[in-house]
Amino acid sequence: MDQFIALIDHYKYLALFPLAVFEGPLVSLLVGFLIYLGKLNFILSYFILLLGDLIPDTAYYYLGRYGGRKKLFDKYFKGTGFIAQNFSLIERLWRDHPRKTMFLSKLAYGL
């Protein structure tokens, strides 16, 4: 925790974006504390955290949408048995219940 605060004190908003890209929710919590302490500006921090969350999600979307599902699946998930065995179930859940699946997947990440 001391290293994180020292990093933010020294680099301020320059360090905030890469940290938000890699670990957004935890960094958001810590940034809220630093805003409370008066070390960071709320508006600027908010927009940097927002971009740190949206940019990777947008990149993942386009990678999945236009990257060629068969090639991506074969390259990254062929060796993992769980995903390969349940891929048809995952596809069916996204097709039939997209809102519920999205909500539960975000909830599971937080837990």
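Above this text you will find the structure in question.
Residues numbered from 1 in each chain as written. Predicted model: local features only at pLDDT ≥ 70, side-chain atom pairs only at ≥ 80, totals over all residues. Heavy atoms only, no water.

Asks: Let's hear about the overall build of the chain: which residues, and what values?
Replies: In terms of regular secondary structure, the chain is built from seven helices and zero strands. N-terminal to C-terminal, the α/β element order of the chain is α-α-α-α-α-α-α. With 111 residues in all, the chain has 17% of them scored as buried. Counting every atom, the chain has about 9,000 Å² of accessible surface; 67% of that belongs to carbon and sulfur. (Helix = DSSP H or I, 4+ residues; strand = E, 2+ residues; numbered from the N terminus. Buried < 20%, exposed > 50% of the residue type's maximum accessible area, 1.4 Å probe, protein only. Areas by Shrake-Rupley, 256 points an atom, 1.4 Å probe, with all protein chains shown as cover.)

Asks: Requested: an account of a nonpolar patch on the surface, with residues and values cited.
Replies: Judged by side-chain polarity, Phe42, Ile43, Tyr46, Phe47, Leu50 and Leu54 come together as a nonpolar surface patch covering roughly 600 Å² of accessible area. Relative to the assigned elements, Phe42 resides in helix 4 (residues 42–66). (Patch = residues over 30% accessible without salt bridge, like charges linked within 9 Å, V, L, I, M, F, W, Y side chains within 5 Å. Salt bridge = Lys/Arg side-chain N within 4 Å of Asp/Glu carboxyl O.)

Asks: So what's going on with the side chain of Ser45? Which residues, and what values?
Replies: Tracing the backbone shows Ser45 in helix 4. The class for Ser45 is buried, based on a relative accessible area of 0%. Side-chain polar atoms of Ser45 contact the backbone oxygen of Asn41, separated by 2.7 Å. Each residue touching Ser45, except ones within four places of it in the same chain, is listed here: Tyr13, Leu16, Val31, Ile35 and Leu40. (Polar contact = N/O pair within 3.5 Å; in protein donor to acceptor, adjacent residues only side chain to side chain. Contact = heavy atoms within 4.5 Å.)

Asks: Can you break down helix 2 (residues 13–22) residue by residue, with the values?
Replies: Residues Ala15, Leu16 and Ala20 constitute the buried set of helix 2. Seen end-on, helix 2 carries its buried residues on one side only, within an arc spanning 130°. Seen from the open side of helix 2, the exposed residues pointing more than 90 degrees away from its buried face are Leu14 and Phe22. (Arc of directions from axis to C-beta.)

Asks: Account for the pattern of salt bridges, naming residues and giving values.
Replies: Opposite charge on two side chains permits them to pair, given that their charged atoms come into close proximity. For the structure on display, the rule yields one salt bridge. Taking the shortest distance from any N to any O, the salt bridge between Arg95 and Asp96 comes out at 3.4 Å.

Asks: Mind laying out the nonpolar core, listing which residues take part and the relevant values?
Replies: Membership of the largest hydrophobic core comes to 13 residues, with the highest contact counts inside it found for Phe4, Ile8, Leu16, Val27, Val31, Leu34 and Leu49. At the level of secondary structure, the elements contributing two or more residues to this core comprise helix 1 (2–11), helix 2, helix 3 (24–37) and helix 4. Ranked by residue count, the leading element in this core is helix 3, at four residues. Excluding anything up to four places from it in sequence, Ile8 contacts Ala15, Leu16, Leu19, Leu34 and Leu40. (Core = buried A, V, L, I, M, F, W, Y, C linked by side-chain atoms within 4.5 Å.)

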